[in-house]
Amino acid sequence: MSTVLDTKVALVTGASSGIGRATALALSEAGARVAVGGRRAGRLASLAREAAGEVLVLEMDVTDPRSVRDAVTATVERFGALDIVVNNAGVMLSGAVLGADTAEWTRMVETNLLGSMYTVHSALPHLLAAKGAVVQISSTSGRVSSAASGAYAATKFGITAFSEALRQEVTEQGVRVVVIEPGFVSTELTSHITDPVMQAAAKSMAESMRTLDPDDIAAAVLYAVTQPDHVAVNEILIRPTDQTR
């Protein structure tokens, strides 16, 4: 096992599958002690058994500020510090504005945007003490919006705006803020879509290219958080080679 992150403590949200799971495993392999948060405890327990190092399993709902506070507190109580937060929890419910179920908009705002904001708010005192890092898993949709993804893109643009303001507030105090913007990744994210037309479009898009793997994004996270203290990798955009937009 690599020890490049030995002594470091990380919290990964949305760790039960996809990018979050791959990132938690990569951080553990690099020597970090990792707290993994999510709503599917069984999957998190499986992750903990597979990990190279010590893992704390946390049932966590990022839309609930109390749940987030409790998760951060439990992490610090278990490991004594918090050096890295990876805000990965998210949901993608694509669909046109006309006829949209606005409850889905609320769910995306609460999970993707407010969830990451709540986590930063709770973790920031510990990250300041550790001169740590915040990693925000955003999307290419946080750079370029497109038809039938307006609400989802709005949450990702919001993450970018919040992250830049946060960076300006904390960079001189030694906290690094990283925004990672993946293109099409082979995860269960598209399975959340309820609109049949958008489901079919997502399936067609996936079949048209060599998609990214969650491990590709985990490698980018690891790259960003293992740079020397004076190096801040603030933004990483990663698309499949075959993806045109």
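Residues numbered from 1 in each chain as written. Predicted model: local features only at pLDDT ≥ 70, side-chain atom pairs only at ≥ 80, totals over all residues. Heavy atoms only, no water.

Scanning the chain from terminus to terminus reveals seven helices and seven strands. In the chain, the succession of α and β elements from N to C terminus is β-α-β-α-β-α-β-α-β-α-β-α-α-β. Relative to its length of 245 residues, the chain is compact, with a C-alpha radius of gyration of 17 Å against a globular reference of 18 Å. Taken along the three principal axes of its C-alpha coordinates, the chain extends 50 × 35 × 30 Å. Going through the 245 residues of the chain one by one, you find that 47% of them count as buried. (Helix = DSSP H or I, 4+ residues; strand = E, 2+ residues; numbered from the N terminus. Rg over C-alpha atoms; globule rule 2.2 N^0.38 Å. Buried < 20%, exposed > 50% of the residue type's maximum accessible area, 1.4 Å probe, protein only.)

Attention now moves to the packing of helix α1 (residues 18-29) against helix α2 (residues 41-50). Put simply, α1 and α2 touch, their axes get as near as 10 Å, and they point 30° apart. Looking at the two axes, α1 sits roughly parallel to α2. You can see that α1 and α2 cross each other, and the crossing is right-handed. Seen from α1, the contacting residues are Arg21, Ala24 and Leu25; seen from α2, they are Ser46, Leu47 and Glu50. For the contact of α1 with α2, the residue count by class is three nonpolar, one polar and two charged. (Axes fitted to C-alpha atoms, helices over the stretch in contact; angles between N-to-C directions. Parallel < 35°, antiparallel > 145°, perpendicular 65-115°, else oblique. Left-handed = near helix turned anticlockwise from the far one by under 90°. Contact = heavy atoms within 4.5 Å. Nonpolar A, V, L, I, M, F, W, Y, C, P; charged D, E, K, R; others polar.)

Attention shifts here to the packing of helix α4 (residues 102-130) against helix α5 (residues 150-170). Axis separation between α4 and α5 bottoms out at 9 Å; the angle between their running directions is 15°. Of the possible angle classes, the one that applies to α4 and α5 is roughly parallel. When you trace α4 past α5, the crossing you get is right-handed. Contact residues: α4 offers Trp105, Met108, Val109, Asn112, Leu113, Ser116, Met117, Val120, Leu124 and Leu128, while α5 offers Ala151, Tyr152, Thr155, Lys156, Gly158, Ile159, Phe162, Leu166 and Val170.

Turning our eyes to something else, we now look at empty space enclosed by the protein. Counted by the stated rule, this structure contains one cavity of 30 Å³ or more. As for the largest cavity, its lining consists of Thr13, Val62, Asn87, Asn88, Ala89, Thr111, Asn112, Gly115 and Ser116. Element by element, the count of residues in the lining of the largest cavity is highest for α4, at four residues. Of the residues contributing to the lining of the largest cavity, the split by class is two nonpolar, seven polar and no charged. (1 Å grid on protein atoms, 1.4 Å probe; cavity = no way out; pocket = protein on both sides within 12 Å on 5 of 7 lines; lining within 4 Å. Points joined across faces, edges and corners; volume = space filled by probe spheres on them.)

All right, on to the layout of surface pockets then. A volume near 340 Å³ is recorded for the second largest pocket. Lys131, Arg176, Val225, Gln227 and Asp229 are, among the 20 residues lining the second largest pocket, the residues nearest its centre. Across the lining of the second largest pocket, the residue classes break down as nine nonpolar, six polar and five charged.

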